[in-house]
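Read off the chains here:
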Amino acid sequence: MEVLSLFDGISCARVALERAAIPIKSYTAYEIDKRAIEISKKNYPSIIHKGDVKELQKPIKVDLLIGGSPCTDLSKANYKGKGLEGERSKLFWEYVRILKLCKPKYFILENVASMKLNDKEIITRELGVDPIMIDAGLVSAQTRKRYFWTNIDTVVPKNRNITLQSILEPINNPILPLTTDLYTVSIGNETTAKVKEANKQGFVVAKEYQTIDMLFPHSKTRRGRVGDKVKTLMTSLSVGVLLKQGIRMLTTIECERLQSLPDNYTSG
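Residues numbered from 1 in each chain as written. Predicted model: local features only at pLDDT ≥ 70, side-chain atom pairs only at ≥ 80, totals over all residues. Heavy atoms only, no water.

> Break down the sheet that holds strand β15 (residues 239–243) for me, citing the residues and quoting the values.
One open sheet accounts for four strands, arranged β13-β12-β15-β16; its pairing is antiparallel. The open sheet has two free edges, formed respectively by β13 (226–227) and β16 (246–249), since each of these has just one partner strand. Both β15 and β16 contribute to a ladder of four bridges, which runs antiparallel. Following the sheet pairing, G240 is matched in β16 by M249. (Pairing = 2+ DSSP bridges. Helix = DSSP H or I, 4+ residues; strand = E, 2+ residues; numbered from the N terminus.)

Structure, rendered in structure tokens:
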């Protein structure tokens, strides 16, 4: 199969195709982030790397077109986002252009599930298929809801009930302070933490191996700070894990596992 991946990042799509045992004749990637390209080349030297998607002007033979166009202006995390007309998310239109240009047999477009209804309807209209919502939490320790538009018959995976505890490395340091403005840890027969949250009590209790959202420690409106899974990973420094000794941050390998990547995939 000849694959064209737009906004390729660190070639996670290549990992997925490999795990699905789909034979790859060629894999061409369009990406502009230098560090992402370095990681991709380290893991898959055979990938043909190109630059900006706008530079693809002539049709090439493609069996499968893949794309995760930037969600920067679509995600509810960016309340000032301008949707598909935003500076980065308007790159969706490059995906549409290349889809029409190369006419692949199969296509997949992925994007954030928290987009506004109007943007979702525009994408659906342009691609001619309804999206399928899949939460990565079904197959990993990270809750990550995404829409997939594709002409491939798709089955939503069954829940594997993977918790954060199952992907943690057996290390305990460094441990954060036991008391901050956000939380207070109690270590005894049972380790718990009172974590500030915008509910009637003003806090929620975390138990061992649960995650604590550290992204906005002084927020007065934050909810859902504690859970058995990591919420959509923004940065490894935004997630604390409660252990017998106290709270620690995630390691690089744990973040890779949250993304369902092999250990040390991003090393270097």
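We are not done yet, so read on.
> Can you lay out the packing of aromatic side chains for me, pointing to particular residues and giving the numbers?
Each aromatic ring pair is summarised here by two numbers: the centre-to-centre distance and the angle between the ring planes. Evaluated as defined, the whole model comprises two aromatic pairs. Centroid distance F92 to W93: 5.0 Å. Interplanar angle 65 degrees. Geometry classified as edge-to-face. The class of W93 is partly exposed, set by a relative accessible area of 30%. When the ring of Y147 is compared with that of W149, the centres are 5.7 Å apart and the planes differ by 65 degrees; the resulting orientation is edge-to-face. By the burial criterion, Y147 is buried, and W149 matches it. Residue placement shows K194 over the ring face of F203; its charged tip is 4.7 Å from the ring centre. (Phe/Tyr/Trp six-rings, centres within 6.5 Å; stacked < 30°, edge-to-face > 60°. Buried < 20%, exposed > 50% of the residue type's maximum accessible area, 1.4 Å probe, protein only. Lys NZ or Arg CZ within 6 Å of the ring centre and 35° of its normal.)

> Could you give an account of the packing of helix α3 (residues 92–102) against helix α4 (residues 117–127), naming the residues involved and the relevant values?
One way to put it is that α3 packs onto α4 with a least axis distance of 11 Å and a crossing angle of 10 degrees. Judged by the inter-axis angle, α3 sits roughly parallel to α4. Within the contact between the two elements, α3 uses F92, W93, Y95, V96, L99 and K100 and α4 uses I122, I123, R125, E126 and L127. Residues of the contact of α3 with α4, tallied by class, amount to eight nonpolar, no polar and three charged. (Axes fitted to C-alpha atoms, helices over the stretch in contact; angles between N-to-C directions. Parallel < 35°, antiparallel > 145°, perpendicular 65-115°, else oblique. Contact = heavy atoms within 4.5 Å. Nonpolar A, V, L, I, M, F, W, Y, C, P; charged D, E, K, R; others polar.)

> Tell me about unusual backbone geometry, and name the residues and values.
With the exception of glycine, most residues fall at negative phi, and the peptide bonds are largely trans. Unusually for a residue other than glycine, S260 sits at a positive phi of about 65 degrees. With respect to the helices, strands and loops of the structure, S260 is situated in the segment after α5 (252–258). A positive phi angle is found at N264, which is not glycine, with a value near 70 degrees. Following the sequence through the fold, N264 ends up in the segment after α5. The exposure class of N264 is partly exposed, given its relative accessible area of 44%.

> Hey, could you go over the side chain of R146 for me, with residue numbers and the actual values?
One can find R146 in strand β8 (residues 145–150). Among the residues examined, R146 registers a relative accessible area of 10% and is labelled buried. Of the polar contacts made by the side chain of R146, one reaches the side chain of E110; its length is 3.3 Å. (Polar contact = N/O pair within 3.5 Å; in protein donor to acceptor, adjacent residues only side chain to side chain.)

> Go over the pairing of strand β10 (residues 192–196) with me, naming the residues and quoting the values.
Here four bridges tie strand β9 (residues 183–186) to β10, and the two strands are oriented antiparallel to one another. For V185, the partnering residue across the bridge sits in β10 and is A193. Remark: five residues form the turn of the hairpin made by β9 and β10, two consecutive strands paired antiparallel. Note: β10 against strand β11 (residues 203–207), five bridges, orientation antiparallel. Looking across to β11, one finds that A193 is bridged to A206. Remark: six residues form the turn of the hairpin made by β10 and β11, two consecutive strands paired antiparallel; G202 in that turn has positive phi of roughly 90 degrees.

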